[in-house]
Structure formats: C-alpha cells, structure tokens
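A closer look at the structure
If you want the building blocks of each chain, they are given just below.
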2 protein chains.
Amino acid sequence: MGDIITIGRRFGSGGREVGKRLADELGFAYYDKQLLESVAEQTGLAVDYIEQYSEAGYTRNYPYAFGRAFVSYQQSPAEKIQLAQIDVIKQLADKGPCVIVGRCSDYFLSDSNPFNVFINASNMECRLKRCYDKVPADKGKSENQMKKEILSVDKTRAKYYEFSTGQKWGDMQNYHLCVDTSLFGIKNTVDVIKYAFLHKDD
Amino acid sequence: MGDIITIGRRFGSGGREVGKRLADELGFAYYDKQLLESVAEQTGLAVDYIEQYSEAGYTRNYPYAFGRAFVSYQQSPAEKIQLAQIDVIKQLADKGPCVIVGRCSDYFLSDSNPFNVFINASNMECRLKRCYDKVPADKGKSENQMKKEILSVDKTRAKYYEFSTGQKWGDMQNYHLCVDTSLFGIKNTVDVIKYAFLHKDD
C-alpha cells in the first residue's frame, strides 16, 4: 500500500476539514475540488461547468470505468470531464503521498492500493450545526429545509459514486475505516485516522 | 458515554477475537455467547436450544423492541428467549465496564450510550483463511462451500439484527467506528479501537 489516503464523506460530516488537517499533519499533499482546475486545463472547459457536470451531469447508461475504449469517438461533455478527472486523479496520486477527498478516488486509484476512509456523522443535529456554522447565510433557512438540502447532496453523491463505480456509496465494504464525527469531533477523528494509517499492516 | 463497547462483526472477520483482546487490554469484562448461560438460567431452557432460537428462530412479525407490553400473555419460545436476552444484556452492562459481542447489544443498550464498533473483513480470502485456521475440520470443504457458509451466517445475522432492531445490519450509520481486519489484522484492529475509545469526545 502506498501513501495515498482517499476520503469519502457525508455532507456536513466535516470530511473535507478532516482530510485537510490529516494531510497537514502527515505532510501529505491535499486534493479536493481544486483538482477540477487541472481537469479544466486538460479539457479546456470552465471549472464551474466541470463541477456541475462532474457530480450531477452524468448521463451515460454504463459505468465510466468500463467504457473508455468504446466511447472515445463520441464523448458527451460529462464523459469528457469524467475521463479527464480520472487521469488527473491518477497523475496527482503518482506525484507522491496525498489525501484525496471525494471524486470516487478510492475506486479510480484501486490499482495503487490506497487507504480508504469514510467520514460519517450519524447525528443529524451535528450535521445541521456544522452547515449553519460554515455558511452564515444559511442561518435564515429552517432546520427542515437544511436537512432536505443535506440529504439531497448525499443523494447526489451516492448516485454519482454508484454510477461511476458500480459500487454502493457509503457501504463499509469499500472502506478500511469508517469514523463517526458526531462522536469523535474533527480533531479526534483526524487523530484516529492518523493512528490507524500508521498502524495498518502493509 | 459509559464504558460499554459493543461489537458487531461479519463472520470470519475475527470480531470475537478482537473483542476478547480489547476487553483484556482495557481490563473490561467480556461477554459473548456465554451470556446465553445467564439466559438459560433465567428461562430454564437449555443453552443449545437458546442458541438455535436466539439467532435463527425469530418468528414474530414485528420488532421485539416494540412489543414487550402486548406479547407478555402469549410468548413463543423465541420471544421468551429474546426478552430474557435483553434483560441479561442490560444486567451485565449495569455491572460495569464491558465489551459485548453481537446480540444486537448496540441497539438494546442504546440508553447507556455504548461505543459501537463493527468489525468488517472486506477481503473474502482473509475470511476463508480465518475459518479454515479456526476449524481444522473445515479444511475438507471447498472454498466455494466455505464461502457459501460464511455468507449464510452473515445473512442470518443480518436478518436477526434487522428483525430485532428495525435497523440495517452492517450499516455504518449504526456504528461509531468500522474497521476492516483484512487491512489491519487482529492486533492492529484492537489497537485502533482502543485508541479511538480512549480519544472519543464525551
């Protein structure tokens, strides 16, 4: 197993912050949404456009992972973006030790045997609090509205993951470690993952 | 959160061994199948009979957790066993710090805020090896046969858990920490859980 850590996460679990802090503590590179900038360079498309397509614009009827050879002659924007994204993820992972959040990186990097982590937050109150704290403008929204939005983002991530990988998003079978930030909080979650990463059998 | 650790586990993951070692390291009591002896005392039924009923003999059509009041006048053996089992689990947990493996203890002890762990083994080869090593008599069985038996035990556990709790067995939403022994091995899994238990927010 190399020094690649992938992080899947529920919306409002603090997964991105966990990933960033973990990378800082380990001295690893950290990749998240910013890898879309490399995808933009590679495809010549705008970042916003890519972001919209890469998690919500999947329109093909078979998993990306299977189809590279026979779709190259007639790619949709979503296909073009996804294939560029897979290339970028692999290029970044080749550069050296890193933490990559989201983007089905556990699946697309499986040949490199990454350490795959999922950040959960079993308690909806914790997720709501986190969302309200992160985006002050959301404070005008009711808890019911926010809850709907949180679950909607999860649903989109699940669909994207399942469509891209053929696997079930958030199924512990796909992760070596799943940690609940509702119990551990952000700092201790980082500590637990770091401890586990340094104590895995190689 | 008290000092109660519950452990759910896939068959062949080494969950019982993890639980026993963890209890030893923490100086906690350890309860597993032997709690059935207390159930036997309480119900006057034989341990073998209880074991058969408690994970495979559930025949009611609503979850145990909901029905205590209105089934007391006409209990089936499975009901009688299950209700005694819930009592025994609660009595044992009241005695002091402990690790309890299986028996839906995460759910039945939820009022005591246990630390809930699930032991997974994502790699079937690891599970097969563990089963062959633990029961030499099984060495005559083909891998296909063993795999079927492993998955069948998981299926029974899942049904029992889902029937008893109304929750999905093996859903990370029900556990604070899920660890894959295929990556960590037994010793490191124990260390990771112990570290996490000692670093949770209370």
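Note that the structure is predicted; figures quoted are calculated from it, not measured.

What counts and what doesn't
Residues numbered from 1 in each chain as written. Chains lettered and ligands numbered in written order. Predicted model: local features only at pLDDT ≥ 70, side-chain atom pairs only at ≥ 80, totals over all residues. Heavy atoms only, no water. Least-squares fit on C-alpha atoms with pLDDT ≥ 70 in both. Contact = heavy atoms within 4.5 Å. Buried < 20%, exposed > 50% of the residue type's maximum accessible area, 1.4 Å probe, protein only. Helix = DSSP H or I, 4+ residues; strand = E, 2+ residues; numbered from the N terminus. Pairing = 2+ DSSP bridges. Axes fitted to C-alpha atoms, helices over the stretch in contact; angles between N-to-C directions. Phe/Tyr/Trp six-rings, centres within 6.5 Å; stacked < 30°, edge-to-face > 60°. Lys NZ or Arg CZ within 6 Å of the ring centre and 35° of its normal. Polar contact = N/O pair within 3.5 Å; in protein donor to acceptor, adjacent residues only side chain to side chain. Core = buried A, V, L, I, M, F, W, Y, C linked by side-chain atoms within 4.5 Å. Salt bridge = Lys/Arg side-chain N within 4 Å of Asp/Glu carboxyl O.

**Thoughts on the relation of the copies chain B and chain A**
You can overlay chain B on chain A at an RMSD of 0.0 Å; the transform is a turn of 180° with a shift of 0.0 Å along its axis. Both copies of the chain, as the preceding transformation shows, are related through a two-fold rotation axis. Proximity to the rotation axis, assessed at the C-alpha, singles out C178 of chain B in chain B; its C-alpha lies 2.4 Å from the axis. By residue overlap, the copies meet face to face through one surface: 100% of the interface positions of chain B are interface positions in chain A.

**Examining the pairing of strand β4 (residues 115-120) of chain B**
Residues and elements named next belong to chain B. When you tally the buried positions in β4, you get 6 out of 6 residues, the bulk of the element. By the alternation rule, side chains of β4 split into F115, V117 and I119 and N116, F118 and N120, which are all buried. Direction of pairing for strand β1 (residues 4-9) relative to β4: parallel, over a ladder of 5 bridges. The residue of β4 that forms the bridge with I5 is F115. Where β4 lies against strand β5 (residues 177-180), 4 bridges are found, and the strand directions are parallel. Bridging across to β5, F118 finds its partner in C178.

**Here's the deal with the sheet that holds β1 of chain B**
Strand order in the open sheet made by the 10 strands is β2(A)-β3(A)-β1(A)-β4(A)-β5(A)-β5(B)-β4(B)-β1(B)-β3(B)-β2(B), with mixed pairing throughout. Either end of the sheet is taken by a strand with one partner, and the two such strands are β2 (29-31) of chain A together with β2 (29-31) of chain B. Taking each pair of neighbouring strands and ignoring which way they run, the sheet shows an average axis angle of 20°. Where strand β1 (residues 4-9) of chain A lies against strand β3 (residues 98-101) of chain A, 4 bridges are found, and the strand directions are parallel.

**Let's talk about the packing of aromatic side chains**
Enumeration over the complete set of coordinates arrives at 13 aromatic pairs over all chains. Between Y195 of chain A and Y195 of chain B, the aromatic rings sit 4.2 Å apart at their centres with planes inclined by 10°, giving stacked as the arrangement. Within this pair, whereas Y195 of chain A is found in helix α9 (residues 181-198), its partner Y195 of chain B is found in helix α9 (residues 181-198), the two belonging to separate chains. Aromatic pair F115 of chain B and F197 of chain B: ring centres 5.7 Å apart, planes at 45°, arrangement tilted. In this pair, F115 of chain B sits in strand β4 while F197 of chain B sits in helix α9, placing the two residues 82 residues apart along the sequence. Aromatic ring contacts, followed pair by pair, group F28, F115 and F197 of chain A together with F184 of chain B into a single cluster. For K200 of chain A, the ring lying beneath its charged end belongs to F197 of chain A, and the centroid distance is 4.5 Å.

**What about the side chain of D191 of chain B?**
By secondary structure assignment, the location of D191 of chain B is in helix α9. The buried category is assigned to D191 of chain B, whose relative accessible area is 12%. Reaching out from D191 of chain B, the side chain makes a polar contact with the side chain of K187 of chain B at a distance of 2.8 Å. Every residue in contact with D191 of chain B, bar those within four places of it in the chain, is listed here: Y195 of chain A together with E25 of chain B.

**Observations regarding the nonpolar core**
Formed by 58 residues in total, the largest nonpolar core has its most connected members in L35 of chain A together with L35 of chain B. Each residue touching L35 of chain A, except ones within four places of it in the same chain, is listed here: Q85, V88, I89, L92, I100 and R103 of chain A. With 48 residues, the next largest nonpolar core counts V117 and I186 of chain A together with I5 and I7 of chain B among its residues.

**Overview of unusual backbone geometry**
Residue and element names in this part refer to chain A. Phi is positive for C104, which is not a glycine, with a value near 55°. Structurally, C104 is set in the loop between β3 and α6 (105-108). What makes C104 buried here is its relative accessible area of 5%.

**Looking at the environment of L36 of chain B**
Following the sequence through the fold, L36 of chain B ends up in helix α2 (residues 35-43). Taking C-alpha positions, L36 of chain B is 6.2 Å from V47 of chain B, a pair spaced 11 residues apart along the chain.

**Considering the pattern of salt bridges**
Residues and elements named next belong to chain A. Within this structure, the stated rule accounts for 22 salt bridges over all chains. Across the salt bridge formed by K20 and D24, the nearest N and O atoms sit 3.0 Å from each other. Here the residue K20 and the residue D24 both occupy positions in helix α1 (residues 15-26), the gap between them amounting to 4 residues, near one helical turn. K20 sits in the partly exposed class, given a relative accessible area of 37%. Through salt bridges with shared partners, one network takes in R10, R127 and D154.

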